[in-house]
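# Overview (structure and organization)
As a plain string of letters, each chain reads:
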Amino acid sequence: DEGGRSYASLETLWTEQARHHREYYAANERWWDEDGYGGGSDEEAMIGDGGSEEDIEHSLRLLDALKARRPALAFGSALDGGSGVGRVTKHVLLRRFERVCLVEPCARWLKQSRRYLGNK
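The structure reproduced in this document is the subject of the present report. Given the structure is predicted, the values throughout are model-derived calculations rather than measurements.

This part takes up the side chain of H20. Along the chain, the position of H20 falls in the loop between α1 (10-19) and α2 (21-33). Side chain to side chain, H20 and E23 meet in a polar contact 2.9 Å long.

This is the structure in structure tokens:
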């Protein structure tokens with residue numbers, strides 16, 4: 001693992017992780033509440049750099065290719081799980097879906113998403 005520990009099996013690792021899941025989740029929550037990656041913009045705070053254009057274009061091409069292969073597929077609603085401020089929602093999902101629901105456990109980022117997305 002990231003601490004240099006070795007485990008006899010995957011099940012042993014999972015057992016160890018299960019014993020500490022509350023502290024892992026608490027540490028993760030603190031990290032995101034304290035700024036996550038940081039950065040000068042909402043995009044940088046979510047992904048750690050300002051280079052999200054390629055990621056966005058790739059995601060749009062993927063959705064377009066899927067729609068081309070399945071023309072009857074309706075892009076009505078999408079769920080953005082772990083949405084952060086809504087970077088993927090803003091730049092990808094709202095361009096292809098009629099409605100998007102954001103799910104974000106960090107109250108700070110969910111509040112920020114309202115400002116970032118506006119009335120979308």
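After that view of the structure, there is still more to cover.
To continue, consider the pattern of salt bridges. Throughout the structure, instances matching the rule amount to 4 salt bridges. A salt bridge links D55 to R87; the nearest nitrogen and oxygen atoms lie 3.0 Å apart. With D55 in helix α4 (residues 53-69) and R87 in helix α5 (residues 87-96), this pair connects stretches of sequence that are 32 residues apart. A residue is classified by how much of its surface remains accessible, and R87, at 8% relative accessible area, is buried. Two residues, R96 and D64, come together in a salt bridge whose shortest N-O distance is 2.7 Å. Residue R96 is found in helix α5, and its partner D64 is found in helix α4; the two are separated by 32 residues along the sequence. Exposure remark for R96: the relative accessible area of 28% places this residue in the partly exposed category.

For the rest of this paragraph, the subject is the pairing of strand β1 (residues 77-81). Residue alternation in β1 divides its side chains into a buried set, A78 and D80, and an unburied set, S77, L79 and G81. Bridge analysis of β1 against strand β2 (residues 99-103) gives 5 bridges, and the strand direction is parallel. Note that in β2 the partner of S77 across the bridge is R99. Following the chain from β1 across α5 to the adjacent parallel β2, one finds a crossover that is right-handed.

With that out of the way, let us pick up α4. In a regular helix each residue adds 1.5 Å, so 17 residues correspond to 24 Å; α4 covers 24 Å between its end C-alpha atoms and thus fits that length. Turning to α4, its buried residues number three or more, namely I56, L60 and L63. Considered in projection along α4, the buried side chains sweep an arc of 65 degrees and stay on one side of the axis. Opposite the buried face of α4, at more than 90 degrees from it, the exposed residues are E54, R61, L62, A68 and R69. Here the buried face of α4 lies against α5.

Here the focus is the packing of aromatic side chains. Taken as a whole, this structure holds 1 aromatic pair when the rule is applied. Taking 4.7 Å as the distance between ring centres and 20 degrees as the angle between the ring planes, the aromatic pair formed by F75 and F97 counts as stacked. Taken as a pair, F75 in the loop between α4 and β1 and F97 in the loop between α5 and β2 lie far apart in primary sequence, 22 residues in all. With relative accessibility at 15%, the residue F97 sits in the buried group. Directly above the aromatic system of Y116 lies the positively charged group of K90, at a separation of 4.2 Å from the ring centroid.

About the thresholds
- Residues numbered from 1 in each chain as written.
- Predicted model: local features only at pLDDT ≥ 70, side-chain atom pairs only at ≥ 80, totals over all residues.
- Heavy atoms only, no water.
- Helix = DSSP H or I, 4+ residues; strand = E, 2+ residues; numbered from the N terminus.
- Polar contact = N/O pair within 3.5 Å; in protein donor to acceptor, adjacent residues only side chain to side chain.
- Salt bridge = Lys/Arg side-chain N within 4 Å of Asp/Glu carboxyl O.
- Buried < 20%, exposed > 50% of the residue type's maximum accessible area, 1.4 Å probe, protein only.
- Pairing = 2+ DSSP bridges.
- Right-handed = clockwise from strand over helix to strand, strands pointing away.
- Expected span 1.5 Å × (residues − 1).
- Arc of directions from axis to C-beta.
- Contact = heavy atoms within 4.5 Å.
- Phe/Tyr/Trp six-rings, centres within 6.5 Å; stacked < 30°, edge-to-face > 60°.
- Lys NZ or Arg CZ within 6 Å of the ring centre and 35° of its normal.

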